[in-house]
Every structure is written in C-alpha cells, then in structure tokens.
Amino acid sequence: MYVEHLSLTGFRSYGQLDTAIEPGITVFVGPNGVGKTNIVEAIGYLATLSSHRVSTDKPLIAFGEERAIIRGRFVRGTQRTSVEVEINADAANRARINRSNPVRARDAAGILKTVLFAPEDLALVKGDPSGRRRYLDDVMVSLLPHQSALRADYERVLKQRNALLKSARAAGRFSTAHDSTLDVWDQHLAQAGARLLSARLLLTDQLRPHVQRAYKELTDGSKAADIAYVSSVSSSPDLRTDDDGGYTMPGASGEGLQDLALPELTELFIASLLRHRKKELERGISLVGPHRDELALLLGSAPAKGYASHGETWSMALALRLASYYLLLEEDSTPAGDPVLILDDVFAELDAQRRTRLAAIVAPAEQVLVTAAVGDDIPGALLGRQIRVVPGGIEGAGGADVRQTDARGGDVPEASGGRHDVGEVDAGEVDAGEVDA
C-alpha cells in the first residue's frame, strides 16, 4: 500500500498544498519549523483520525480558519481509494470515501494503514499509561477498523456513570435512587468495558512476540524485552509486583484474564465495581475499567519506565512501533498489504548503530516517508527521492505536482477534484478521554 496523492486545505501551516507522492522511499528535507512534520502528520491522521503530536484536533486547523481538510488517494495493488476528512473546530468531524455521501469520520479509520515513528514515541515508555493505552487502541483499529466503536461506546457509558457518581458526591449522600441507577450503569459499563478489555488482551498477546523480536533486532540482545497487560478489573492482575518493586510474569498454571469468556469477564468487571463502589462514591469518579489499565513494558524483570537508559528507552519505543508493523504484515501477507511507514525526524535522535539497524528493517517496505532537517541524518539504506520543504510549501522533485500558499493564501488552484462541502452527519462523535490514578 502507498499514498499516491495528498491534498491539504487549511491544515496547520498550509493554506493549500497539493502533491503527488511515489512508492518507495521519499525524504522530506528542510529546516526545522517549515512544515515537514505537518505533511506526514496529515497522512497519519487519515489512517488513525488522531495526531501523534497533539491530543485534540483544534491545533490542526490553520489559525483563523473554521475547518481543515485532508484528502488522500491510496493504492493497494490494482485498487485506488480516496478518503477526505474534514476537521471542524465547532462540529463533528466528517469524511467522504471515494467521493460518496458523507459519513462519520470514524468510518474512514483504518482504510489507510500506517506505522509512524516520531520523537514523541519516547513518551510511550516514559510517559503516563494513557499513551500506552492509546497505542494499543490505535493498533487495534489499524487491524480491525470496525473496532473503533469499542472505545467510543465505552467512553460514552463511562461519561454517564461518572456524571452519576459526581452527582451523588455533590449531594453528600447516596440515596436509594442513586443506588439502583448506579447498578444499571454498572451493567452497561461492564458490558462495554469487557468487550474493549477482551480486545486489548488479545492484541497484547499478538504483539508480545513481535516486541521481543524487534527489541532484539535493534540491540545487542543483552536484555530481553516483554510486555504485559495490567487490568484494574481483577484483584489478581496478570502482572504482579515482586518484593523488589520489579515485575514478574504470571505462572503458566495461573488462569489469566485472556482465558475468560466475555460473560465471565463481564461478571468479574461487575464484581470489581462493587468492590470499589465506596471509594468511587467518595471520589466521584470510576476507578475500575480499561480507562485505568496499563500496558507494562519490561526489560528483564524490571519495568522499562524509570529503569531503562536513554538508549534502552529509544529501543523499546522503536520496538513497539516495529511490533505493530510486523503484526500488520502478519495479518495481511499479500504483496500489497504493507502499511505505509513514516519516520518523522527520528534519525537525529538515534545513535549510529540504531540508525543503521532501523533503516535496514524498514527500507524494504512498499512506501517509506522520512522527514529530516539535514540530509546527512539519513542512513544510506534510506537515501531515496527527496522533496525539499520550504516556508509556506514544498519544492517538488521528480515531476511532483505541487501547489501551495501560506495558511491565508490568496488565488490558489484547488486540490485535485476541487473543494466540496461535506454534508451533515451524525454528530455523535466521542473524544475518548483518559482518566488516570
């Protein structure tokens, strides 16, 4: 799979940009701050409907504009697909697929498959659990786009249940009416949460051997990497803390959450909610569920967070991204099944050994998009077609069709196919919030 054409309107620094992109390796080169990352960020957004740089959509819209539009055309074997996503400041985002009638934006998720490496990936290891949960959910949607509804459904129920808990806390007492209503929302949360939890547990098991492989490929193999899902719904989670504060994996004889059928997982969820009800009423917030879970990253028996060196942290972050790449290849082994690989300014952050090893792994992909401030940062294995990015636009190479202005540009030809309005659709989009301890 590869991106054949990209058009941006009112996105970040681009009032209008319209460019062809070729399969193989393309390097976007230019000084920091000219908009290289904006281009690959837009491509990543078409795949996941989220940015790797910001948690909300508003910064993606050019200052002074009401909306941004990203249009892309993708090639998979002999099939071409076009996707347009409209990002709105004060309304639900909307999409068109192959110029069809407007649909919910989430219906376009997963049509384009990408794996994006960026300096922000260090937060996967060093940051809060919310980033690791988002990593799992993004990979899940890339594998099975229809599962984007799992998180949205759960978040809707969670929002309603939290509102009830806050109301009870504000009242200073928990009435019988509160009690019966909370029982109902416990059922809804457990049902939606069990589905999301089950999907994450399965995905963690699928990713685990690929993380182990990728970390070994990127390092000298002196330490083994591992991952495990830690759930808040069980009193005996799949990952336990030993006396020294390190992690130990569960024994083979122990039944993990992944062994439970969905009804059993739902019942366990409800039992955990009842066990934590008093604390939840005191705090006015839901303390049990996938929004509180963790993807634990391990080097040897120690957690990577807080124990890994800077180089080990980078290797673990890269291993997580490579693991998602390997899993996508495993799930679709056809010649046209490669996801688009995006490496956003990562080589400047890596030492020579990691640069060389990462480049050798990703170079054979059908399409690799790289950004760099300096061409010398690019390993020899990734020296492909170069496009120079300059303030306000890009200078094409190799016959690229390029048009651009600044974000408030004047008379500029519209992108291929012209600008067309995206009609009204269901505004029930949910912005998946995060709640951490």
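Procedures and definitions
- Residues numbered from 1 in each chain as written.
- Predicted model: local features only at pLDDT ≥ 70, side-chain atom pairs only at ≥ 80, totals over all residues.
- Heavy atoms only, no water.
- Helix = DSSP H or I, 4+ residues; strand = E, 2+ residues; numbered from the N terminus.
- Areas by Shrake-Rupley, 256 points an atom, 1.4 Å probe, with all protein chains shown as cover.
- Expected span 1.5 Å × (residues − 1).
- Buried < 20%, exposed > 50% of the residue type's maximum accessible area, 1.4 Å probe, protein only.
- Pairing = 2+ DSSP bridges.
- Axes fitted to C-alpha atoms, helices over the stretch in contact; angles between N-to-C directions.
- Contact = heavy atoms within 4.5 Å.
- Phe/Tyr/Trp six-rings, centres within 6.5 Å; stacked < 30°, edge-to-face > 60°.
- Lys NZ or Arg CZ within 6 Å of the ring centre and 35° of its normal.
- Salt bridge = Lys/Arg side-chain N within 4 Å of Asp/Glu carboxyl O.
- Parallel < 35°, antiparallel > 145°, perpendicular 65-115°, else oblique.
- Left-handed = near helix turned anticlockwise from the far one by under 90°.
- Nonpolar A, V, L, I, M, F, W, Y, C, P; charged D, E, K, R; others polar.

This brings us to the overall build of the protein. Across its full length, the protein carries nine helices and 18 strands. Entry remark: accessible area of the protein is about 18700 Å², with carbon and sulfur atoms responsible for 49%.

The subject of this paragraph is helix α1 (residues 36-48). Turn by turn, an α-helix covers 3.6 residues, leaving residues three or four places apart pointing in a common direction. For α1, spanning 13 residues, the distance from its first C-alpha to its last is 19 Å, which sits close to the expected 18 Å at 1.5 Å a residue. For α1, the buried fraction is high: 12 of the 13 residues fall into the buried class. If you check which residues of α1 are buried, you get Lys36, Thr37, Asn38, Ile39, Val40, Glu41, Ala42, Ile43, Gly44, Tyr45, Leu46 and Ala47. Of the residues one or two after α1, Leu49 is the one with positive phi, at around 60 degrees.

The next point concerns the sheet that holds strand β3 (residues 24-29). Pairing in this open sheet of six strands is mixed, and the strands run β8-β14-β15-β3-β16-β17 from one edge to the other. One side of each edge strand has no neighbouring strand; the edge strands of this open sheet are β8 (114-117) and β17 (393-395). Strand after strand, the sheet turns through a mean of 20 degrees between neighbouring axes, direction not considered. Sheet topology places β3 next to strand β15 (residues 367-372); six bridges connect them, and they run parallel. Within the sheet, the bridge partner assigned to Val27 lies in β15 and is Val370. Of the strands in this sheet, β8 and β14 (340-344) touch helix α8 (residues 310-331), which is tilted by about 170 degrees from β8.

In space, the three strands of this open sheet follow the order β9-β12-β13, with antiparallel pairing throughout. What marks the edges here is a single partner per strand, and that holds for β9 (225-230) and β13 (302-303). Sheet topology note: the strand β12 (residues 294-299)/β13 ladder contains two bridges and is antiparallel. Residue pairing across strands places Leu298 opposite Pro303, the latter belonging to β13. Against the sheet, helix α3 (residues 129-143) contacts β9 and β12, and its axis sits at roughly 100 degrees relative to β12. Where α8 meets the sheet, it contacts β9 and β12, and its direction lies at approximately 125 degrees from that of β12.

For residues other than glycine, phi is negative in most cases, and the peptide bonds are mostly trans. Phi angles above zero are rare outside glycine, and Arg12 is one such case at about 50 degrees. By the secondary structure assignment, Arg12 is in the loop between β1 (2-11) and β2 (14-20). Here Arg12 falls in the buried class, since its relative accessible area comes to 18%. Its identity is not glycine, yet Arg99 carries a phi of approximately 60 degrees, on the positive side. Mapped onto the fold, Arg99 is located in the loop between β6 (94-97) and β7 (103-104).

Below, the discussion takes up the environment of Arg96. As for its placement among the helices and strands, Arg96 is situated in strand β6. According to the relative accessible area criterion, Arg96 is buried, its value standing at 14%. As a C-alpha pair, Arg96 and Glu84 span 12 residues in sequence and 5.1 Å in three-dimensional space.

Here we come to the packing of aromatic side chains. The tally for this structure, following the rule as stated, stands at one aromatic pair. Over the ring of Tyr326 we find Arg213, and its NZ or CZ is 3.7 Å from the ring centre.

Summed over the entire model, instances satisfying the criterion amount to 26 salt bridges. A salt bridge links Glu4 to Arg73; the nearest nitrogen and oxygen atoms lie 2.7 Å apart. Of this pair, Glu4 sits in strand β1 while Arg73 sits in strand β4 (residues 67-76), and the two are 69 residues apart along the sequence. Judged by relative accessible area, Arg73 falls into the partly exposed class, the value being 29%. Of the charged contacts in the structure, one is a salt bridge between Glu22 and Arg385, with a shortest N-O distance of 3.9 Å. Placement of the pair is Glu22 in the loop between β2 and β3 and Arg385 in strand β16 (residues 385-390), with a sequence separation of 363 residues. Owing to a relative accessible area of 35%, Glu22 belongs among the partly exposed residues under this scheme.

To continue, consider the packing of α3 against α8. Between two packed helices, the angle of one axis relative to the other and the distance separating the axes together describe the packing. Their axes nearest at 10 Å, the elements α3 and α8 cross at an angle of 20 degrees. On the basis of their axis angle, the class for α3 and α8 is roughly parallel. Relative to α8, α3 is oriented so that their crossing is right-handed. Of α8, the residues touching α3 (which contributes Tyr135, Val139, Ser142 and Leu143) are Leu320, Arg321, Ala323, Ser324, Leu327, Leu328 and Glu331. Broken down by class, the residue content of the contact of α3 with α8 amounts to seven nonpolar, two polar and two charged.

If you trace the backbone, Leu273 turns up in helix α6 (residues 262-275). Separated by 40 residues in sequence, Leu273 and Val233 have C-alpha atoms that sit 7.7 Å apart. Excluding residues that lie within four positions of it along the chain, Leu273 makes contacts with Arg161, Asp186, Leu189, Glu280 and Val288.

The next thing to look at is the pairing of β3. Summarising burial for β3: five of the six residues are buried, a large majority. For β3 and β16, the ladder comprises four bridges, and the chain directions are parallel. Looking at the pairing, Thr26 lines up with Arg385 of β16.

Look at α3: 22 Å from first C-alpha to last across 15 residues, which is about the 21 Å you get at 1.5 Å a residue. α3 sits mainly inside the fold: 11 of its 15 residues count as buried. Every buried residue of α3 is accounted for by Ser130, Arg132, Arg133, Tyr135, Leu136, Asp137, Val139, Met140, Val141, Ser142 and Leu143.

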